[in-house]
Amino acid sequence: ADNSFVLSALLVISACGITMEQKTTFGKALSAPLVTMLISLCLSNIGVIPFNSPVYKLVNKILVPLAVPLFLFDSDLKRVVRDAGSLLVAFFVGALSTVVGTLCAFTLVPLKSLGDQGWKVACALTSRHIGGAINFVAVADTLNIDGSIVSAAIAADNVVVALYFAFLFYLAVSGEAKHDDTKITNDKDTTVSTDSKSSLGEEIVFPDEEEQIPISTSSIAYSVATASCLVTLGSAITAAVCPGLSPLVITSLLTVVSATLFPSLFKQLRTSGTAIGILFLQMFFAASGAAGSLLLVLREAPSLIAFSALQLSIHFIVLMIVGRGVLRLDLNELYLASNANVGGPTTAAAMAQAKEWKKLVLPALLVGVLAGLCN
């Protein structure tokens, strides 16, 4: 197929996924990444778009590495430690709970049908349930997981995650917590996303800014240029120091260090960086779906769904035992930290906003960003 046609198809599919999540009940229930993957999976399996294309390689090799630093422009570690408060403790308990959940789930559901790819998928899903989808992408790239298996794993896991988010929303109590010791620098009303609890949002707003920084031509140019420089430098250092390591690891570290040392500069870029990063990530989901076999997805989905469901179930149980039973952390903060673990900053902040936890919106964003570093 013509490359321009394939590229146009991926962009249209990505846009459709975002729009359906924002505008339809069906899309909100499944999430934009899953809708995007399902559309491209169906189109490739009926022959509208190809299973293999140089465009998919461009997305995986160029756009995905750029998306990683774009998502981390807000990763000022000094700010995370200063402002996240007790939610930071809850997040680390959640991360530990995910590791425990993975060890238990892999023992009971070893994913033998995936062969030597089974443990790799388990590692990628562990990273996904500590810091969101971008972590899955980074680990899948590092471990060289087959594209078709990536499609099946993401599709199955997104179904489980959507149900898990609904479960967290059901348990969480709306309104500010009675015992809230979280340090926060701004108590103003905030807007994070649209009415969807897990939506990518029609606008990207950061609650600690008195005046929101608009997305402009210059901010887009500076964001992409900065991300590209970080990827280039990360690749060069990786090739020189540790050739067998994925460049995304060093690139992530460079971005975190840069954002921590120059917070004012990266603050100007984070809104446009997040918006571009979301588009690139959507294109990754579209390309992954297109490269997948519908038969493989249907064949492997039951075991992958069982693994993810068991993994998150144990994650939640351990989180409650340690976080609530031992550390006596606030329940709403534990639910929010779990959301940040599984979904990342966007879904966590959206949950805090939807539940009217105004003092937790910024900490939710910060721990969500921290989650993105744990890949």
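Numbers given to residues run from 1 along each chain, matching the order in which its sequence is written. Since the coordinates come from a predicted model, pLDDT governs what is reported: local features require at least 70, and pairs of side-chain atoms require 80 or more to be given and counted, while whole-chain, interface and lining totals use all residues. Excluding hydrogens and water, the side-chain figures rest on all heavy atoms present in the structure.

(A) Representation of the nonpolar core. Counting 68 residues, the largest nonpolar core has Val121 and Phe284 as its most contacted members. Other than its neighbours up to four places away in sequence, valine 121 contacts Leu111, Leu114, Ile145, Ile149, Ala153 and Leu304. What is meant by a nonpolar core is a set of buried Ala, Val, Leu, Ile, Met, Phe, Trp, Tyr and Cys residues, joined one to another through side-chain atoms within 4.5 Å. Partly exposed residues are those whose accessible area sits between 20% and 50% of the maximum for their type, while under 20% is buried and over 50% is exposed, using a 1.4 Å probe and protein chains only. Phe91, Tyr164, Ala349 and Leu365 belong to the second largest nonpolar core, which has 39 residues in total. Note on definitions: a residue-residue contact is assigned when non-hydrogen atoms from the two residues lie within 4.5 Å.

(B) The environment of glycine 234, seen in detail. Put simply, DSSP marks the helices as runs of H or I at least four residues long and the strands as runs of E at least two long, and each gets a number from the N terminus on. Summarising the element assignment, glycine 234 is placed in helix H10 (residues 217–241). Overall, the relative accessible area of 0% leaves glycine 234 in the buried class. Along the backbone, glycine 234 and serine 246 are twelve residues apart, and their C-alpha atoms lie at a distance of 9.5 Å. Every residue in contact with glycine 234, bar those within four places of it in the chain, is listed here: Ile250, Thr251 and Leu254.

(C) The pattern of salt bridges, seen in detail. Each salt bridge in this description consists of a side-chain nitrogen of Lys or Arg and a carboxyl oxygen of Asp or Glu lying within 4 Å of one another. Following the criterion strictly, the structure yields four salt bridges and no others. For arginine 270, the salt bridge goes to aspartate 74, with nearest N and O atoms at 2.4 Å. With arginine 270 in helix H13 (residues 270–290) and aspartate 74 in the loop between helix H4 (54–71) and helix H5 (77–83), this pair connects stretches of sequence that are 196 residues apart. Here arginine 270 and aspartate 74 have matching classes, each one buried.

(D) View of the packing of aromatic side chains. Classification of ring pairs uses Phe, Tyr and Trp, with its six-membered ring standing for Trp, and accepts pairs whose centres are within 6.5 Å; under 30 degrees between planes counts as stacked, over 60 as edge-to-face, and the remaining range as tilted. With the rule as written, the count across this model stands at eight aromatic pairs. Between phenylalanine 73 and phenylalanine 266, the aromatic rings sit 5.3 Å apart at their centres with planes inclined by 65°, giving edge-to-face as the arrangement. You can see phenylalanine 73 sitting in the loop between H4 and H5 and its partner phenylalanine 266 sitting in helix H12 (residues 263–267), a full 193 residues away along the chain. The exposure classification of phenylalanine 73 matches that of phenylalanine 266, with both residues buried. Aromatic rings pair up to connect Tyr164, Phe167, Phe316 and Tyr335 into one cluster.

(E) Looking closely at the side chain of aspartate 76. Assignment of secondary structure puts aspartate 76 in the loop between H4 and H5. The charge count includes Lys and Arg as positive and Asp and Glu as negative, but it does not include His or the ends of the chains. For the buried aspartate 76, no salt bridge exists, and the shortest N-O distance to an oppositely charged side chain is 5.2 Å, to lysine 78. Ignoring anything within four residues of it in the chain, the contact list for aspartate 76 reads Ala259, Thr260 and Pro263.

(F) Highlighting the environment of isoleucine 39. Checked against the element boundaries, isoleucine 39 lands in helix H3 (residues 32–45). Overall, the relative accessible area of 26% leaves isoleucine 39 in the partly exposed class. Isoleucine 39 sits 247 residues away from alanine 286 along the chain, and the two C-alpha atoms are 7.8 Å apart. Excluding anything up to four places from it in sequence, isoleucine 39 contacts Ile13, Cys16 and Met20.

(G) Here's a closer look at helix H1 (residues 3–23). Spanning 21 residues, H1 covers 30 Å between terminal C-alpha atoms, matching the ideal 30 Å at 1.5 Å per step. Looking only at H1, the buried set comprises Val6, Ala9, Leu10, Ile13, Ser14, Gly17, Ile18, Glu21 and Gln22. For H1, the secondary structure elements touched by its buried residues are helix H2 (25–30), H3, H4 and H13. A helix is expected to span 1.5 Å for every residue after the first.

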